[in-house]
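Observations on chain architecture
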Amino acid sequence: MSAPVPIVVIGAGLIGKRHIEHVVSEPRTNLAAIVEPGPAGPGIAKELGVPHFSNLDDLIAARDAGSIQVSGAIVGTPNSTHVPLGSQLVKAGIHALVEKPVAASVESGRELIAAAKGDLGEVLAISGVWTLLKPADYFDAPTEWRRDPASGGPIIINLVHDIDLLRHLGGDIVKVYAAKGKSTRGFAVEETGAVTLHFASEAVGTFIFSDATASPYSFEGATGENPTIPNTSQEVYKILGTRGSASFPENARWHYTDKQSWLEPLAKDAPLPIDDVLPFTTQLRHFVDVIEGKAEPNCSGLEALKTMLVLEAVRKSIYEGVPVDVPQE
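These figures come from a predicted structure and were not determined experimentally. (Residues numbered from 1 in each chain as written. Predicted model: local features only at pLDDT ≥ 70, side-chain atom pairs only at ≥ 80, totals over all residues. Heavy atoms only, no water.)

1. Examining the sheet that holds strand β5 (residues 95-98)
Pairing is parallel across the open sheet formed by five strands, whose spatial order is β3-β2-β1-β4-β5. Lying at the two open borders of the sheet, with one neighbouring strand each, are β3 (52-53) and β5. Running over the sheet, helix α4 (residues 82-91) touches β1 (5-10), β4 (72-75) and β5 and is turned about 180 degrees from β4. Contacts from helix α9 (residues 279-291) reach β1, β2 (29-35), β4 and β5 within the one sheet, and its direction differs from that of β5 by about 155 degrees. (Pairing = 2+ DSSP bridges. Helix = DSSP H or I, 4+ residues; strand = E, 2+ residues; numbered from the N terminus. Contact = heavy atoms within 4.5 Å. Axes fitted to C-alpha atoms, helices over the stretch in contact; angles between N-to-C directions.)

Below, the structure written as structure tokens:
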């Protein structure tokens, strides 16, 4: 077995701590250091028994001096820092796994249904929902940037995941129209919204999002993939096709066995099996494979940028109240 790959985690906040836990517990990786400018950084590093750096410049200097080995870095910092930190890592020759979104804006960034589509026939419509309740202290310092529409809000922090999945299920999204819901906190950033989606395949979709509702309907709750959010197992996506339909996370196909008619009973297949390995673990192992030259990235920078183009269109639509075409580039 090859030696563990030395990984640095940049950012030790909410999401960074989850990455740290997985790097520490994964046999194929070794936590080489953490980079955290906040006052909690030295204490976290001491508890983990790893070096602490307050900025990426110091880490790279230590690597260049030979005092630390770094093969890859996971960037789990505020959205507006993703581009400069990611660019700096690339220039330094360090493999980078950048948390979503790839950038705070398109300008700065410039096999569920994949296997089942044949069984569903032509997918005509997709619907989804992401609704949770973020507590008041989620928006307090030092993460008050979450109140700012330029860097925070459920569109860029949370909807990014669902748009990725909707693009996986339905293909490229070419047009959106979004409406903003009521503000309950008084921040400038959006809380609730509804989006209509037009896909290149001519399928249509709807999506409702909110971080201000007491609700069991979210990807995290549906799947149990985030151990900090209680598992509710409620359905969050519906995929509707000419020969069948399915919901997620149930993963069972509804279809006709004989005559195709609303007057006939629908049959329900057994649910598809779900891999119970946590996504962060799968992601980390894939990152190691990429570093070792054994695999190509599952999600390229181009695919991440395509999702950002959709998010920018949603944000433009929600704040200007107009339908927006999504640039296809």
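2. Describing the nonpolar core
Among the nonpolar cores identified, the biggest contains 40 residues, and L159, I163, I173, V176, L197 and V314 are the most heavily contacted of them. Those elements that provide at least two residues to this core are β6 (123-131), α7 (154-170), β7 (173-180), β8 (192-199), β9 (204-210), β10 (237-241), β11 (245-248) and α10 (301-320). For this core, the element with the most residues is α7, which contributes eight residues. Setting aside chain neighbours within four positions, we find I163 in contact with I173, L197, T307, V310 and L311. A32, A73, V75 and I94 belong to the second-largest nonpolar core, a separate cluster that totals 18 residues. (Core = buried A, V, L, I, M, F, W, Y, C linked by side-chain atoms within 4.5 Å. Buried < 20%, exposed > 50% of the residue type's maximum accessible area, 1.4 Å probe, protein only.)

3. Side note on the sheet that holds β9
Spatial ordering of the open sheet is given by β13-β12-β11-β10-β6-β9-β8-β7-β14, a layout of nine strands whose pairing is mixed. Unpaired on one side and paired on the other, β13 (267-268) and β14 (324-325) mark the two borders of the sheet. Against the sheet, α10 contacts β7, β8, β9 and β14, and its axis sits at roughly 35 degrees relative to β7.

4. What about the pattern of salt bridges?
A side chain of one charge can pair with a side chain of the opposite charge if their charged atoms are brought near each other. Enumeration over the complete set of coordinates arrives at 19 salt bridges. The closest approach of N and O atoms between R185 and D211, which form a salt bridge, is 2.9 Å. Here the residue R185 occupies a position in the loop between β7 and β8, and D211 occupies one in the loop between β9 and α8 (219-223), the gap between them amounting to 26 residues. According to the relative accessible area criterion, D211 is buried, its value standing at 1%. A salt bridge links K294 to E292, with the shortest nitrogen-to-oxygen separation between them at 3.1 Å. Three or more residues are tied together by salt bridges with common partners; here these are D164, R167, D172, E303 and K306. (Salt bridge = Lys/Arg side-chain N within 4 Å of Asp/Glu carboxyl O.)

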